[in-house]
Structure formats: structure tokens, C-alpha cells
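Examination of the molecular architecture
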Amino acid sequence: MPSLKELWKISGYFYRDLVFRSVYEVRTHKKNLEKLIRSAKRSMLLNKMFLALMLSVMAIYTAFRSNVMDFVIFYAMITFLLAFFFLQATTTFATQNFDILYTLPLSGDEVSKIVSLTFFRIFDIPITTVTIVFLVAMIVRSPVSSAPALIGLLVSESFSIGLVVYLSRLFYSKITTGSGWKSVVRILYYVVWAFAFFSFYAFASAMGWLYRNAEAYSSFVMSNSKILSFLYPFCFAFLSSNVRTPNAFFGVAVWSVLAYLSLRWATSKITEVFTKFEWDVEEVELKLEISSPTVAFLKKDVRLISRSPALCFLVLLPIMESLILSHGSVSTAIVVISAFLVVVAFSLHGLEKEGITKILPVKTKTLVTAKTLLVVTIYLISVGVMNVIFAFKGKTPDFFIELSTTLSVFAMSVIVLIIAEKMNVRRDLYSGLSALVFLIIPGFVIVYLPLAIAFIFKILGEDYLIPLFTASFIEFLLALTLLNVL
Amino acid sequence: MSVLTVEDLVVRYGNTVAVDHVSFRVDEGEIFGLLGPNGAGKSSTIKAIVGLVDFEGKIEVLGKPVGIETKNLIGYVPEEFMLLESLTPLEFFEFVASVRRIGNVEKVKTLIRAFGIERFVNRPIATLSMGTKQKVSVISALIHDPPLLILDEPLNGLDARSSRILKELMQRHVEKSGAVLFSTHIMEIAESLCDRIAVINKGRIIAEGTIEELKELASVEGSLEDVFLKLTGQYEGIKEIVDAIS
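Residues numbered from 1 in each chain as written. Chains lettered and ligands numbered in written order. Predicted model: local features only at pLDDT ≥ 70, side-chain atom pairs only at ≥ 80, totals over all residues. Heavy atoms only, no water.

Our focus in this paragraph is the overall build of chain B. When helices and strands are counted, chain B shows nine helices and 10 strands. A burial count over chain B gives 58% of its 246 residues as buried. A separation of at least 24 residues holds for 68% of the contacts in chain B among residues at least 6 apart in sequence. Looking at chain B as shown, the accessible area adds up to about 10,500 Å², and 48% of this sits on carbon and sulfur atoms. (Helix = DSSP H or I, 4+ residues; strand = E, 2+ residues; numbered from the N terminus. Buried < 20%, exposed > 50% of the residue type's maximum accessible area, 1.4 Å probe, protein only. Contact = heavy atoms within 4.5 Å. Areas by Shrake-Rupley, 256 points an atom, 1.4 Å probe, with all protein chains shown as cover.)

With that settled, the discussion passes to the pattern of salt bridges. In this structure the tally under the stated criterion is 23 salt bridges over all chains. The shortest N-O distance in the salt bridge between Asp27(B) and Arg25(B) comes to 2.7 Å. Judged by relative accessible area, which is 42%, Arg25(B) ranks as partly exposed. Through salt bridges with shared partners, a single ionic network connects Lys287(A), Glu289(A), Lys299(A), Arg303(A), Glu91(B) and Glu94(B). (Salt bridge = Lys/Arg side-chain N within 4 Å of Asp/Glu carboxyl O.)

So, about the interface of chain B and chain A. Chain B puts 48 residues into the contact, and the matching count from chain A is 39 residues. Approximately 4,000 Å² of surface area, both sides summed, lies buried where chain B meets chain A, with 66% of it carried by carbon and sulfur atoms. For the pair chain B and chain A, the interface holds three salt bridges. Of the charged contacts, one joins Glu94(B) and Arg303(A) as a salt bridge, the two residues approaching to 3.4 Å between their closest N and O atoms. Where chain B touches chain A, the interface holds five residue pairs in polar contact (both at pLDDT 80 or more). Elements with a minimum of two residues in the side of chain B that touches chain A: β1 (2-13), α1 (42-50), α2 (89-99) and α3 (106-114) of chain B. A per-element tally of the side of chain B that touches chain A places α2(B) first, with 10 residues. Looking at the side of chain B that touches chain A, its residues break down into 25 nonpolar, nine polar and 14 charged. (Buried area = accessible area lost by both parts, 1.4 Å probe. Polar contact = N/O pair within 3.5 Å; in protein donor to acceptor, adjacent residues only side chain to side chain. Nonpolar A, V, L, I, M, F, W, Y, C, P; charged D, E, K, R; others polar.)

Take a negative patch on the surface next. Residue and element names in this part refer to chain B. A surface patch of like charges, here negative, comprises Glu 212, Glu 213, Glu 216 and Glu 221. Position of Glu 216 relative to the elements: it lies in helix α7 (residues 211-218). Its relative accessible area of 67% is what places Glu 216 among the exposed residues. (Patch = residues over 30% accessible without salt bridge, like charges linked within 9 Å, V, L, I, M, F, W, Y side chains within 5 Å. Lys, Arg positive; Asp, Glu negative; His and termini not counted. Charge placed at Lys NZ, Arg CZ, Asp CG, Glu CD.)

Once that is clear, we can look at the nonpolar core. Counting 145 residues, the largest nonpolar core has Leu4(B) and Leu181(B) as its most contacted members. Ranked by residues supplied to this core, first place goes to helix α18 (residues 399-423) of chain A with 12 residues. Contact partners of Leu4(B), with chain neighbours within four places excluded, come to Phe24(B), Arg25(B), Val26(B), Ile49(B), Ile59(B), Glu60(B), Val61(B), Leu148(B) and Leu181(B). If you look at the next biggest cluster of nonpolar residues, it comprises 75 residues, including Phe98(A), Val130(A), Ala137(A) and Leu153(A). (Core = buried A, V, L, I, M, F, W, Y, C linked by side-chain atoms within 4.5 Å.)

Working definition: the strands of a sheet are paired by backbone hydrogen bonds and lie parallel or antiparallel to each other. Residues and elements named next belong to chain B. Taken together, the four strands give an open sheet; going across it, the order is β2-β1-β4-β5, and neighbouring strands pair in antiparallel fashion. Each of the sheet's edge strands pairs with one partner strand only, and the pair in question is β2 (16-27) and β5 (64-65). Along the sheet, α1 makes contact with β1, β2 and β4 (56-61), crossing β1 at roughly 115°. (Pairing = 2+ DSSP bridges. Axes fitted to C-alpha atoms, helices over the stretch in contact; angles between N-to-C directions.)

The next point concerns the pairing of β2(B). Residue and element names in this part refer to chain B. Two strands pair when backbone bridges link them, and β1 and β2 are joined in this way by eight bridges, in the antiparallel orientation. Each bridged residue has a counterpart across the sheet, and for Leu 9 the counterpart in β2 is Val 22. Taken together, β1 and the strand that follows it, β2, pair antiparallel across an intervening segment of two residues, in which Gly 14 is found at a positive phi of about 65°.

Let us look at the sheet that holds strand β8 (residues 179-183) of chain B. All names here are of chain B. Spatially, the six strands line up as an open sheet ordered β6-β7-β8-β3-β9-β10, and their pairing is mixed. Two strands bound the open sheet, and with one partner strand each, they are β6 (74-77) and β10 (204-209). For this sheet, the mean inter-axis angle between neighbouring strands, taken without regard to orientation, is 15°. Both strand β3 (residues 30-35) and strand β9 (residues 196-201) contribute to a ladder of four bridges, which runs parallel. Each residue of the ladder has a partner; that of Leu 35, found in β9, is Val 199. Contacts between α7 and the sheet are confined to β9 and β10, with β10 contributing the most and set at about 120° to the helix.

All names here are of chain B. Along the chain, Val 22 falls in strand β2. Overall, the relative accessible area of 1% leaves Val 22 in the buried class. A C-alpha to C-alpha distance of 8.9 Å links Val 22 and Gly 57, two positions 35 residues apart in sequence. Setting aside its immediate chain neighbours within four residues, Val 22 contacts Val 6, Glu 7, Asp 8, Leu 9, Ile 200, Gly 203, Arg 204 and Ile 205.

Okay, structure coming up:
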């Protein structure tokens, strides 16, 4: 029976294959194979280091504050952020072939462990780093609190893995399968899937807001400590900040057991989710609907998005964000939503990483137009959702700002996609995080320039709507011109 | 008339030269075989023709330099699948047919029935067997009636019936003045199908002609396999290797 060390070593081969494929699929063939392998490893390492740094900063900040709310937010954010990044990797992970393991003298349990360890390797550095950094920081601040703090972090990490496996299982087994009358059931599962993830996202977003008002909410938490100290992540937060209640100890014990069970469940189900599919074989009517190339790309993209939890999440994110931000002002909501759309445009371009579009007679204009129409549609749906909520609350939506920003979003998408096409960076978010950095800057400049101009005019006490619209319209015309010369 | 002209083709991957000044031509009404050992440069040559890799030299399809305009003149079956795996075959054909601006979908339906994949057209491609995926790949290359078919190991995984259908389709295609560039490792198939053959080794074409011309060149009386092994310098030592292993 192989030891854990041996299983870890075996998982390393699959992980290397996963990393290589995530870059090799791009098929640029501009580098030699050795350079390609080095580039793949470097790219993944950079992604991991970036996330590790981000989580470590949060860990140190939290450890050196003794506020209960800071710990609550930290644990919730760790669960959400890890789940978010793991979810981005599930599409690539789902295509990893583990079949060879079944031909080797390994038990089902050992195969499960190897698959789980390969999955863990995707973010091994961020998880290990944040755990060590948080533990060291806690020992320095308060050695007594370091033990519950560490358990709290491990529980949060386990929940994130459990959450991703649960959502992926729901997605792959219920949403991507079935047709005909099952479509209705599929939509229901879609709602359950989206609701489960986004309710957690909403919770984490609210945590970000609470972060800024942690002091104010601490008194509320303390006055309700009897109930809250039993709940996750409050029980860990209470003990981490030296507030000891019997409920908190009891809560830590219960949630630790649940986290252990969640991790065990995730390990046992991971092969079922990512390696085994059962499909019905049925005769169907051979019906083909031929459309224009632009519409064909649109339909193809929508289909691919609806079958990938990572892409689905990304596309629904601006819409979800509009739901959350509808509690604030229009301008804040638009600023945040349009920022997400730069990432969406990049990810939609990443869908073309497969070689098939290179052998088809596809013009860059067709590709950019189709993706831009999708980006603008997502923006309009997001704004539409926000306006409906505004209407319920008796607020008047600002159509003029929304129209202006639509023009900027169109221009941003066109220009970001043209740059991505010229740079030949057809990557997904998981493998192309470093390439995205180059595209975020022009993307943000295009989206925010008209808003910045409007802001300056507002400060000067002048009318800002006309400058806003003019700047956006100029961007739109520029993008249209670029699109026509392609 | 030449359907495909390749002149002085060079394909580089970094410092490695995969294809080294290769020239050949495929005429209408001809099945042209491109044979070579693994890593000889066959697939790289083909990838350059279909626009998957950068190259130096000249490639023309029906007199037009390769580019977006020639993509509808070529039907390509790659050695490795180039399919959108989360789509179903039906959705995939719909996408390819739309991008290629095909008005008549009856051809697609006929091909689906001919290759016997009606029961699988509504399942994600990722879940299909290798043979069924190969059929999807072959159908998507044939749906637009291109004058030039480029088939890189097209019979991989196909069952006997589908193999026969594809071979018959290739013959019919060249009878109707089309052309086929065909790459395979199965010498018996190349021998029975190809009108002319080019043998490529280490990135260079080392022999070209009809099977009789190649036999004469290699001074071999036996099969195409014997000729091929002789030309590529792989003939010697086979018996000793087999003896040593067994």
C-alpha cells in the first residue's frame, strides 16, 4: 500500500501534466517545447505567489488586531477566495485524464487520494503559506490564541474545498447533463448552484464592507455573543481574539468535526465529479440551425459558458454584483461592474484557445464583434437587474450614465479583445492571470476615463453629463473605426 | 492543375527546425501520400498548410497564398482532435457549418447517418469514444465540399465500415477533380490509396514519386513498407531488436 508521501509524488506527475496542458492548449508554437514547459511552470508559480501574497497580507493584518470582527471576516474571506480560485481551475481539472490510475495496482481509495492531492496542488503554495504566516503571526501576538486561530483557518480551508467539490458535483452531474424535458430540471439546478455560490459570495462581499466598519459592529457581536459564539466563523473568531465562552469551545469542536467530514466527503467524491460521467444514449432529431458567423460564435460561447462552472461564475458575477451594489449609488455600482467586464472580455477570448478557430475562415472582426456583443449584453443585464431593484426602492435609475458607460464598455471590450488577439494570448483566467495584468490597464483606462472626466467636471461645479457622454461616445467611435479596419 | 503547391517550406519551433526546405505539389485528381517516421515533420508540414503554425516559404492552394481565403478550400482532419469538447457533435457541426457559411445542411445529416453517429450527436464530445470523436472530426472536415482534403491519420480509431466509407469518399473526391493530401503510418493503406508518395525524414523530403518509382529508387522489390524502411534507414536491426525483446 503506497504511503501518503508516495501518493503525493504520483499526484505531482498529474499536476505537471495539468499545468503543461493548460498552456500547451494555446498551441502558439512560437516557443520551443522546453521554453513552453518553463513558461507554463513560471506562469502557474506566479499565479500561486500572487494569491499567497494577497492572503498573507490579510493574515498578518488580522493577526495583529484583536477585534472579533476582523477574525470573522478573515475566515469567511479565506473560504470564499480559495473557493473562487479553485472554481476557476475546475474546467481544466475536469479534462485531466486519470484513467491510467485504474490500470495500476491501486485501490479506489488511493485513486481518490491521488486525485484529491492533484487538486490540492493547484493552490498548495497559497494554502501552505497563509497557514504558516497566520500561525507565526498569531504566536507572536498571542501564543494562547494561536491554536484556535490555526484550527479556524484549517476549518475555513477545508470548507472551501468541500464547497467547490459540492458545487462542481452539482454542476457537472445535474446541469451539464440532460436535454428535452430535463431542461426544466436543469434550470432549477442552475438556480440552486448559482444561489449556493452567490449567497456565499454575497456574504463575503458583505464581509468586505464590514471590514471597514469592524469596530462599529463589534459591539453588536459582543452583545449577541451567546448565540453567535456557537456559529462558524464566530466561534473561532471569539477564541482567536481571547474572548472565551463555553459556546465558542463547543462551536469549535462541532465545526472542526464538520470540516473534517466535509474534507473526507470531498476526497471520496472528487473522482466521481471529475473522472466519471454517465450519459444517456438516445436518438434525436438531426436539426441544425445555420446562422451568421458572428451569431454562431455567440451561440457557441453561450453553450461553452453554460457548461463550465468557472466561466458561468465569471459571467454571472457582474449580475450578482449589481444585486449587491443596488443598495448603494448608481455610479459606485457601474464602476465595479464595468471593472469585472474587463476580466469577462479576457475570459471570453480565452475560449478560442482551442485550435479549431485557426483552421476556420474566421475574421478577427467576427471574433471581436461576437465577444463584444456578449460583454455588452452581460453589462446591460447587470444594469437592468440593478434598475429593477432601484425601481422597487423608489430610486430613479440614471439612464444617461448607464447609456454612456455602455458605449465605454463596448469600446473597452473591442480594444481589449484586439490587443489580446494581437498578443496571441488566448488563455483562460487560470493559466493567463499574468497576461491579464497587461490587458487590465488599457481596459480600466477606457472604462474609467469618461467617469474620471465627469468627476472632475462635477468637482468644478460644472455639468458633468455632457462631458461624460462625449468622452464615451468618442471612445465608441474609435472602437467602431478599429473594428471596421480589421 | 496543381491544387496545393508547397515550395521551400521551413517550420521552426524555437531553434529546432522541424521542416527543412520542403517542396512538393498535389495535383487535382490525385491522392498524395506524405509518409515518414514519428517526428519526421509530416504533421508540422500539414499544420503550416492549414495555418496552425508560422512558416517560411511558399504555400498556395489553387493558386492563392494560404490565409483566411484558402481556409474554405481545405477540409482538415488533424492527427490530434481539434474539437470543442463540451459541445455536442450536433452543436459542433452547427458552429462549423455556420462559420463556413454552408446553406445546405442536408450534407451534414447525410454524413452523420453515413458514419452511424446519430445516437451520439446529443452527447458532449468529451464523453464520446475515440472512434466516434474521429468520426466527428472527419464529418466536420467534409461538410463544406472542399477541393483539397488534408487527412492526418484519418483512419485512427474508425471501425471497418467507417474506414471503408472514408476511403471510398476519398476516391470519389479525386474522381471529381478534388485532391487529397494523406498522411498515415499504415503502409498497406498508403500503398492501396495513394497515386504518388513523398517520404519525409528529419524534416526533409528524401524521396518522391509513384510506388513503382519509389521501389526503383530504393532498389527494393517488396512492399511499400520495405521501401519505406529502406529509404528512412530503419530496415537494419529490426530482427535483432525483436529477438532481443522476445
